[in-house]
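Spelled out, the chains give:
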Amino acid sequence: MKTLVLNCGSSSIKYQFYQGEEVLAKGLAEQIGEGAGHLVYQTQGADLQRQNPLKDHHQALEEILALLVDPKVGVIKDRKDLDCVGHRVVHGGERFKQPVAIDSVVLQAIRACIPLAPLHNPANIEGIETAMVVFPRAKQIAVFDTAFHQSIPERAYRYALPEDHYKKLGVRRYGFHGTSHKYVAHRAAEFLGKPLEALKLITLHLGNGSSMAAIDRGQCIDTSMGMTPLEGLVMGTRCGDLDPAIPLFLSTHLGLDMKEVDQLLNKKAGFKGMTGHNDLRTIEAEYGEGNEAAIRALDLAAYRIKKYIGAYWAALGGLDALVFTAGIGENSVLTRKLALEGLEGLGIHLDPKLNAKPKGPAISTKASPVSVLVVPTNEELQIVREVGSLTKITL
Ligand code: ADP
């Protein structure tokens with residue numbers, strides 16, 4: 001089966017073309033509709049970069065298609081050779097608990113989720129509508145970032161607010177990064193040689209955006225992001241957990257309107273707000289030089305992770321493995337060390353040598369009751385798998 005995985009943003013398209021589970025081509029189009037344009041296309045034999053204006057998503061996708069079918073650098077003969085397009089869709093609300101074949105009713109339901117993800121869902125819809133025109137014969141399938149978290153029980157997804165706010169406005173925890181949490185949970189079970197249905201896991205997706213999930217025998221039972229991706233851990237530019245009275249306080253005392261407060265908490269807080277940088281590598285370098293702001297920020301971020309581990313240990317009633325993934329989770333020796341220090345009482349024993357230089361997924365000591373694993377995430381491959389399992393049923 002040939003599948004094109006698309007992740008569409010408002011001015012970008014990231015794509016990977018798969019045959020089965022093998023990537024044949026990948027790349028991205030950026031600066032769409034911005035009077036400029038940057039297109040990247042990579043295969044085993046080709047690495048192309050182009051700068052030319054990309055008017056809209058349609059033009060960008062047509063240019064990607066032209067490369068995919070190009071006699072010299074292409075990987076298929078004709079656009080008809082594509083079986084499925086798998087779309088990453090950020091918000092599926094409560095409606096979508098699984099991937100779904102897209103038709104006009106589904107598209108309308110994704111549109112209805114726009115108030116919950118005003119920055120992301122419109123771009124995802126644009127990608128779907130464009131792909132339907134450019135690849136009219138391919139099956140279009142949506143895979144939702146929120147779907148994996150739909151198994152969370154009510155006590156963990158409801159906020160203590162009046163009933164109407166949930167019923168009429170949809171105010172509840174949805175969670176994000178679901179595709180990544182699901183992928184690494186399956187990989188962890190494979191590595192441990194046990195069925196996922198026999199394991200209690202905590203997965204830590206730590207990147208520019210960061211979230212954790214508590215997974216009880218394959219079912220997600222809690223996650224740190226909330227109704228929006230702002231809740232939970234300290235992130236590149238987001239503050240994470242906050243006293244809910246602080247936005248009002250900032251609005252009053254800084255003379256900001258609610259939009260400006262929202263911008264502050266999403267774009268100017270987190271590592272960026274505390275240190276001036278959102279790239280953890282820079283902050284770690286400053287930490288090494290004894291910079292106080294860097295030390296404070298890393299210490300606070302690691303403490304937040306530690307508290308969530310304790311909370312999820314309690315929610316799960318025990319733990320078999322902790323799974324680190326994404327840019328920070330996979331690479332930051334210091335974050336893993338600071339976050340896991342002092343958790344021996346929960347059965348978590350990090351091996352300092354393996355943490356500094358992993359020889360495989362496991363970085364815990366042999367005797368550690370809880371395994372600590374580093375597992376690279378692969379959201380595109382998970383989307384291909386979801387598309388595959390759905391089309392087997394519906395084709
Ligand atoms: P995104 O959420 O944009 O996909 P990533 O998963 O790529 O983000 O993670 C980006 C973060 O990972 C950045 O803060 C970056 O500094 C951090 N990172 C990447 N490599 C390293 C490294 N070797 N050591 C520490 N942090 C790293």
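Scroll up a little and you will see the structure.
Computed from a predicted structure; not experimentally measured. (Residues numbered from 1 in each chain as written. Predicted model: local features only at pLDDT ≥ 70, side-chain atom pairs only at ≥ 80, totals over all residues. Heavy atoms only, no water.)

### Description of the nonpolar core
In step 1: Residues Ile-202, Met-212, Ile-309, Leu-322, Leu-340 and Ile-348 are the most contacted members of the largest nonpolar core, which totals 37 residues.
In step 2: Among the secondary structure elements, those contributing two or more residues to this core are strand E9 (200–206), strand E10 (210–216), helix H10 (280–288), helix H11 (292–316), strand E12 (321–325), helix H13 (333–340) and strand E13 (371–374).
In step 3: Broken down by element, this core gets its largest block of residues, 10 residues, from H11.
In step 4: Residues contacting Leu-322, with those up to four places away along its chain left out, are Ile-202, Leu-204, Ile-309, Leu-340, Ile-348, Val-370, Ser-371, Val-372 and Leu-373.
In step 5: In terms of nonpolar packing, the next biggest core, distinct from the first, is built from 28 residues, Ala-29, Leu-54, Leu-67 and Val-134 among them. (Core = buried A, V, L, I, M, F, W, Y, C linked by side-chain atoms within 4.5 Å. Buried < 20%, exposed > 50% of the residue type's maximum accessible area, 1.4 Å probe, protein only. Helix = DSSP H or I, 4+ residues; strand = E, 2+ residues; numbered from the N terminus. Contact = heavy atoms within 4.5 Å.)

### As for the sheet that holds E9
In step 1: With mixed pairing, the 5 strands of this open sheet are ordered in space as E11-E10-E9-E12-E13. Of all strands in the sheet, those with a lone pairing partner are strand E11 (219–223) and E13, marking the two edges. On average, adjacent strands in this sheet sit at an angle of 20° to one another, irrespective of strand direction.
In step 2: Examined bridge by bridge, E9 and E10 share 7 bridges and lie antiparallel to one another. (Pairing = 2+ DSSP bridges. Axes fitted to C-alpha atoms, helices over the stretch in contact; angles between N-to-C directions.)

### Here we look at the sheet that holds strand E3 (residues 22–30)
In step 1: Reading across the sheet, the 8 strands line up as E5-E4-E3-E2-E1-E6-E8-E7 and stay open at both edges, with mixed pairing between neighbours. Looking along the sheet, the strands with just one partner apiece sit at the ends: strand E5 (47–51) and strand E7 (100–101).
In step 2: Judged from the 6 bridges that link them, strand E6 (residues 84–89) and strand E8 (residues 139–144) form a sheet pairing that is parallel. Within E8, the position partnered with Arg-88 by the bridge is Val-143.
In step 3: Along the sheet, helix H1 (residues 57–68) makes contact with strand E1 (2–8), strand E2 (13–19), E3, strand E4 (38–43) and E5, crossing E2 at roughly 30°.

### Quick notes on empty space enclosed by the protein
In step 1: With the rule as written, the count across this model stands at 3 cavities of 30 Å³ or more.
In step 2: By volume, the largest cavity is sized at about 90 Å³.
In step 3: Residue lining of the largest cavity: Leu-206, Ser-210, Leu-233, Val-234, Phe-271, Leu-280, Leu-298, Ala-301, Ala-302, Ile-305, Ile-328 and Thr-335, and that is the complete set.
In step 4: Tallied by class, the residues present in the lining of the largest cavity amount to 10 nonpolar, 2 polar and no charged. (1 Å grid on protein atoms, 1.4 Å probe; cavity = no way out; pocket = protein on both sides within 12 Å on 5 of 7 lines; lining within 4 Å. Points joined across faces, edges and corners; volume = space filled by probe spheres on them. Nonpolar A, V, L, I, M, F, W, Y, C, P; charged D, E, K, R; others polar.)

### Side note on helix H7 (residues 246–254)
Residue pairs spaced three or four apart in an α-helix point in one direction, given the helix's 3.6 residues per turn.
In step 1: Those residues of H7 that sit buried are Pro-247, Leu-250 and Ser-251. Buried residues of H7 fall within an arc of 100° about the axis and therefore sit on the same side. What points out from H7, more than 90 degrees from its buried face, is the exposed set Leu-248, Thr-252 and His-253.
In step 2: Contact partners of the buried residues in H7: helix H8 (258–267).
In step 3: Gly-255, located one to two residues past H7, shows a positive phi value of around 65°. (Arc of directions from axis to C-beta.)

### Some details on the site of the ligand
In step 1: Close contacts around the ligand come from 13 residues, with Asn-208, Asp-279, Leu-280, Gly-327 and Asn-331 the closest.
In step 2: The side chain of Asp-279 places a nitrogen or oxygen atom 2.4 Å from an oxygen atom of the ligand.
In step 3: Contact distances for the ligand include 3.4 Å between an oxygen atom and a backbone N or O atom of Arg-281.
In step 4: Contact with the protein chains hides 67% of the accessible area of the ligand, taken as 580 Å² for the molecule alone.
In step 5: Where the shell around the ligand is concerned, the elements lending two or more residues are H10 and helix H12 (326–331).
In step 6: The biggest single contributor to the shell around the ligand is H12, with 4 residues.
In step 7: Counted by class, the shell around the ligand contains 3 nonpolar, 7 polar and 3 charged residues. (Near = heavy atom within 4 Å. Polar contact = N/O pair within 3.5 Å; in protein donor to acceptor, adjacent residues only side chain to side chain. Areas by Shrake-Rupley, 256 points an atom, 1.4 Å probe, with all protein chains shown as cover.)

### What about the layout of surface pockets?
In step 1: Reported here for the second largest pocket is a volume of approximately 310 Å³.
In step 2: As for the second largest pocket, its lining consists of 19 residues, and the residues nearest its centre are Lys-97, Gln-98, Ala-147, Phe-148 and Lys-182.
In step 3: Counting only elements with at least two residues in the lining of the second largest pocket, the list comes to E8 and helix H6 (178–192).
In step 4: Here the lining of the second largest pocket takes 4 residues from H6, the largest share from any one element.
In step 5: Looking at the lining of the second largest pocket residue by residue, the classes come out as 6 nonpolar, 8 polar and 5 charged.

### Topic: the environment of Arg-304
In step 1: Its location among the elements puts Arg-304 in helix H11.
In step 2: Overall, the relative accessible area of 13% leaves Arg-304 in the buried class.
In step 3: On a C-alpha basis, the gap between Arg-304 and Gly-232 in space is 8.2 Å, while along the polypeptide they are 72 residues apart.
In step 4: Setting aside chain neighbours within four positions, we find Arg-304 in contact with Gly-232, Leu-233, Val-234, Cys-239, Gly-240 and Asp-241.
In step 5: A polar side-chain atom of Arg-304 sits 3.4 Å from the main-chain carbonyl oxygen of Cys-239.

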